[in-house]
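# Examining the three-dimensional arrangement
This is what each chain is made of:
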Amino acid sequence: MIKLSNPIIQRPIQRGILSLVVKGNPSAISTRLYSKQHIFTKNTNYFYSTSTNNESNREKGKFWWSTITTAIIAGSIGYILNDYIMKSNQLSLTDNNLLSPDHNIITTMPKDNENCKDKSTLPVKEMDELNYNTNKDDLDKLIIDLKNVLENNADNFTTTPGDLKQHSDSDFNTHHPMDNQRPLIVLFPHSTEQVSKLLKLCHDANVPVIPYSGGSSLEGHYLPTRYPTISIDISKYMDNVIKFDKTDLDVTVQGGVPWEDLNEFLNDQGLLFGCDPGPGAQIAGCVANSCSGTNAYRYGTMKENILSLTVVLPDGTIIKTKKRPKKSSAGYNLNGLFCGSEGTLGIITEVVVKCHVKPKFENVVVVSFPSIAQAAACTSNITQEGIPVNAMELLDDNMMHLININDQTEKDDWIEKPTIFFKIGGNTKEIINELIKEMEKVSKKHEAINFEFAPDEDAVTELWEARKVALWSVLDSAKKLSKDAKIWTTDVAVPISKFSKIIKESKIEMNKSGLINAIAGHAGDGNFHAFIVYTNKQELEKCEIIVKNMVKRALDAEGTCTGEHGVGIGKRQFLLKELGEDPIDLMRKIKLAIDPKRIMNPDKIFTIDPNEPQYVENEF
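Read on for an overview of the structure. These numbers were taken from a predicted model, which means no experiment stands behind them. (Residues numbered from 1 in each chain as written. Predicted model: local features only at pLDDT ≥ 70, side-chain atom pairs only at ≥ 80, totals over all residues. Heavy atoms only, no water.)

### Digging into the overall build of the chain
For clarity, the cut-off: Strands are runs of DSSP state E lasting at least two residues, helices are runs of H or I lasting at least four, and both sets are numbered from the N terminus onward. Working definition: with a 1.4 Å probe on protein chains only, accessible area under 20% of the residue-type maximum means buried, over 50% means exposed, and in between means partly exposed. Should any heavy atoms of two residues lie within 4.5 Å, those residues are counted as being in contact. Areas reported as accessible are Shrake-Rupley estimates using a 1.4 Å probe. Residue values count occlusion only from the protein chains shown.
Each helix and strand counted, the chain has 18 helices and 18 strands in total. Counting the 620 residues in the chain, one finds 51% classified as buried. Excluding contacts between residues fewer than 6 apart, the proportion of contacts in the chain whose partners are at least 24 apart in sequence is 72%. With the model as given, the accessible surface of the chain reaches about 29,600 Å², and the carbon-plus-sulfur share is 52%.

### Observations regarding helix α16 (residues 537-556)
Convention followed: By this rule, a helix spans an expected 1.5 Å times one less than how many residues it contains. N or O atoms within 3.5 Å of each other form a polar contact, as long as, within protein, one can give a hydrogen and the other can take it, and as long as residues adjacent in sequence are counted only when both atoms are side-chain atoms.
With 20 residues, α16 ought to run about 28 Å at 1.5 Å a step, and its terminal C-alpha atoms sit 29 Å apart, in line with that. Buried within α16 we find L540, C543, E544, I546, V547, M550, V551, R553 and A554. Packing partners of the buried residues in α16 comprise β16 (486-493), α15 (499-512), β18 (527-534) and α17 (572-579). Among the residues of α16, the N-terminal cap falls to N536, whose side-chain oxygen and the backbone nitrogen of Q538 are separated by 3.1 Å.

### Observations concerning the environment of S371
For S371, the position within the fold is in the loop between β12 (361-368) and α10 (372-385). Separated by 47 residues in the primary sequence, S371 and P418 place their C-alpha atoms 6.0 Å from one another. Here Q374 takes part through its side chain, which lies 2.8 Å from a polar atom of the side chain of S371.

### Points about the sheet that holds strand β1 (residues 157-158)
Strand pairing in a sheet relies on backbone hydrogen bonds, with the paired strands running either antiparallel or parallel. Quick reminder of the rule: Whether two strands pair comes down to DSSP finding at least two bridges between them. Lines fitted to C-alpha atoms define the axes here, with helix axes fitted over just the stretch in contact, and angles between the N-to-C directions of these axes take values from 0 to 180 degrees.
Here we have four strands laid out as an open sheet, ordered β1-β2-β4-β3, and mixed in their pairing. The sheet is open, and its two borders are formed by β1 and β3 (209-212), each paired with just one other strand. Where strand β2 (residues 185-187) lies against strand β4 (residues 230-233), three bridges are found, and the strand directions are parallel. Note on β4: the bridge partner recorded for V186 is S231. Helix α3 (residues 136-149) rests against β1, β2 and β4 of the sheet, and its axis sits at about 20 degrees to β2.

### Considerations on helix α11 (residues 397-405)
Considered for burial, the residues of α11 that qualify are M399, M400, L402, I403 and N404. Directly after α11, the chain includes D407, whose backbone phi takes a positive value near 50 degrees.

### Topic: the packing of aromatic side chains
The description of an aromatic ring pair uses the distance of the two centres, along with the angle that the planes make with each other. Formally: Planes of paired rings set the category: under 30 degrees apart is stacked, over 60 is edge-to-face and the rest tilted, where pairs are Phe, Tyr or Trp rings (Trp by its six-membered ring) whose centres lie within 6.5 Å. Charges are assigned to positions over rings by a cutoff of 6 Å between ring centre and Lys NZ or Arg CZ, combined with an angular limit of 35 degrees from the ring normal.
Counted under the stated rule, the structure contains five aromatic pairs. Between Y212 and Y222 the ring centres are 5.1 Å apart and the planes differ by 85 degrees, which places this aromatic pair in the edge-to-face class. Placement of the pair is Y212 in strand β3 and Y222 in the loop between β3 and β4, with a sequence separation of ten residues. The exposure classification of Y212 matches that of Y222, with both residues buried. When the centroid spacing of 5.4 Å and the interplanar angle of 85 degrees are considered together, the rings of F244 and F265 count as edge-to-face. One end of the pair, F244, is in strand β5 (residues 241-245); the other, F265, is in helix α6 (residues 259-267), with 21 residues separating them in the sequence. Assessed through its relative accessible area of 25%, F244 is described here as partly exposed. A residue is classified by how much of its surface remains accessible, and F265, at 29% relative accessible area, is partly exposed. One cation-aromatic arrangement involves K236 over F188; the distance from NZ or CZ to the ring centre is 4.8 Å. A cation over a ring is seen here: K411 above W414, with NZ or CZ 5.0 Å from the ring centre.

### Digging into the nonpolar core
Using the following cut-off: By convention a nonpolar core is built from buried Ala, Val, Leu, Ile, Met, Phe, Trp, Tyr and Cys residues, the set being connected through side-chain atoms within 4.5 Å.
Counting 60 residues, the largest nonpolar core has L187, I230, F273, I283, M302 and V351 as its most contacted members. Excluding residues that lie within four positions of it along the chain, M302 makes contacts with F273, C275, C286, V287, S290, C291, C339 and V353.

### Points about the sheet that holds strand β14 (residues 419-426)
If you trace the seven strands from one edge of the open sheet to the other, you get β15-β12-β14-β13-β17-β18-β16, paired in antiparallel fashion. Edge strands, defined here as strands with exactly one partner in the open sheet, are β15 (450-453) and β16. Ignoring which end each strand starts from, the neighbouring axes of this sheet average 15 degrees apart. Pairing analysis gives eight bridges linking β12 to β14, with the strands arranged antiparallel. Bridging across to β14, N363 finds its partner in I424. Most of the contacts of α11 go to strand β17 (residues 517-522), to which it runs at about 110 degrees, and overall it touches β13 (391-395), β14, β17 and β18.

### Thoughts on the environment of P123
Tracing the chain through its elements places P123 in the loop between α2 (54-89) and α3. What makes P123 buried here is its relative accessible area of 18%. The spacing of P123 and P610 is 487 residues in sequence and 9.1 Å in space, taken between C-alpha atoms. Apart from the residues lying within four places of it in its own chain, the contact partners of P123 are D585 and R588.

Here it is in structure tokens:
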């Protein structure tokens with residue numbers, strides 16, 4: 001059956017109707033064929049006669065009335081047909097796309113829009129199936145071309161099994177690849193320009209790319225879910241400080257600079273880097289995963305510490321998001337777009353980072369409480385009182401026990417109760433002492449069982465060390481239990497008012513499981529991490545249930561499924577539950593606008609393939 005929306009039928013009907021009205025002169029049709037106000041806007045002289053002969057005028061009048069009557073009937077038919085067409089194709093005669101360049105006659109009709117390209121959002125079910133180039137000859141040529149960009153220097157790329165495995169997985173990941181899921185090659189570019197050339201080649205060849213820097217992420221962020229995959233690692237050579245401006249308090253660095261190295265560089269200048277994520281993290285990864293750490297309470301997360309980014313887009317285009325102003329209302333916030341994008345929109349090669357003035361004096365206060373609830377209530381009270389602190393970190397009783405038994409610090413007699421570690425700073429010792437007095441008053445209100453602070457600089461380092469070795473203490477306990485033991489590390493964040501409740505309920509479930517577990521939290525911003533040790537499939541299944549319940553509690557409390565670890569593969573379904581379909585569909589639409597071939601870190605954050613292989617979601 002032929003539809004009336006078919007242009008072969010549609011055009012003659014429309015032309016015929018319009019021709020009747022203009023007496024066989026289609027060129028008289030107005031640019032706007034139809035509007036609410038009028039149908040014709042020019043050449044209306046066809047309806048009038050200039051003859052002085054009355055008889056002739058009467059004959060012509062009859063003719064015109066006959067023509068008008070016919071036109072009205074034909075127009076009615078046309079209106080009905082147009083109404084049918086609009087319902088079928090969501091098109092009307094007002095659509096300028098129906099007109100030819102000379103605006104006289106209808107010449108083309110748009111195709112059916114099956115993928116809803118005219119919508120603001122994009123559900124995955126309306127996307128085309130994801131297909132990459134797997135042709136062996138094409139891939140062989142691509143590898144040759146990629147090596148040529150890197151001057152065929154063997155130091156600039158690797159295909160050794162150990163290196164390929166390192167760029168696929170780590171012991172900390174919640175999801176793990178299968179043995180055959182490895183990148184074809186790992187590339188080590190030296191500059192933004194080389195990254196651009198590499199990405200352009202992969203884009204033209206339709207081959208996926210996974211960016212890599214420190215490899216410290218936890219949710220399967222750089223797991224190669226698709227074949228083939230190219231890994232681009234900026235950590236080996238792109239690890240330089242490009243420019244430091246002490247007056248403006250900013251520093252420009254390449255993406256492969258480790259954050260600890262940057263902090264050490266800044267410390268020599270009396271400054272510091274605001275974020276302090278896990279050991280080994282590098283600046284590009286800090287941006288891509290929107291990191292934070294123990295200092296976020298005072299100095300903000302990575303989002304607040306970026307002035308500008310240099311990003312290579314999937315097709316090789318190089319963009320700079322801003323210059324170096326401390327504030328700007330010029331255009332879209334592209335820094336915010338790429339921060340937290342997890343390598344799905346491009347490769348971050350340079351970052352202009354804010355620097356913070358390091359306090360002249362700093363101390364650490366350690367306070368133990370009878371319960372998690374009392375410890376959390378104390379932190380909330382300190383925030384409400386407006387007492388300025390640089391960090392508020394919570395370690396639960398299990399974590400304090402693990403620190404003691406694993407000899408991770410010189411001090412091995414920590415009170416094994418929920419403990420808050422406060423870091424405070426100021427320009428004078430008098431300010432520090434006054435802050436300590438205020439904190440002690442608040443702590444006593446919440447029944448603190450121990451309150452101590454560092455008498456000297458060495459003690460400051462010793463007291464804070466317990467917080468920094470928390471993860472390693474859990475790791476040591478896991479390896480003592482079994483050489484096959486692994487750790488599931490996860491995080492959630494909730495409003496401060498719900499912090500103690502969610503931690504308490506999560507701890508009860510974790511302790512009932514019989515698995516080694518501990519909690520460390522950034523109490524100042526309602527973010528906490530759970531560490532759970534498992535050794536076999538049954539224990540892994542217990543972990544899954546615990547984590548799902550923990551995330552559900554956080555979402556029910558108007559929190560988030562991840563405060564700083566990111567989504568990767570491990571938390572895609574949780575993100576969907578947190579935000580709902582429409583926001584995810586909007587992210588997918590943005591992704592496709594920037595990365596239409598979907599080559600950048602596929603399958604991370606949200607699904608991009610309506611026929612996604614089942615293994616992508618179930619790689620443990």
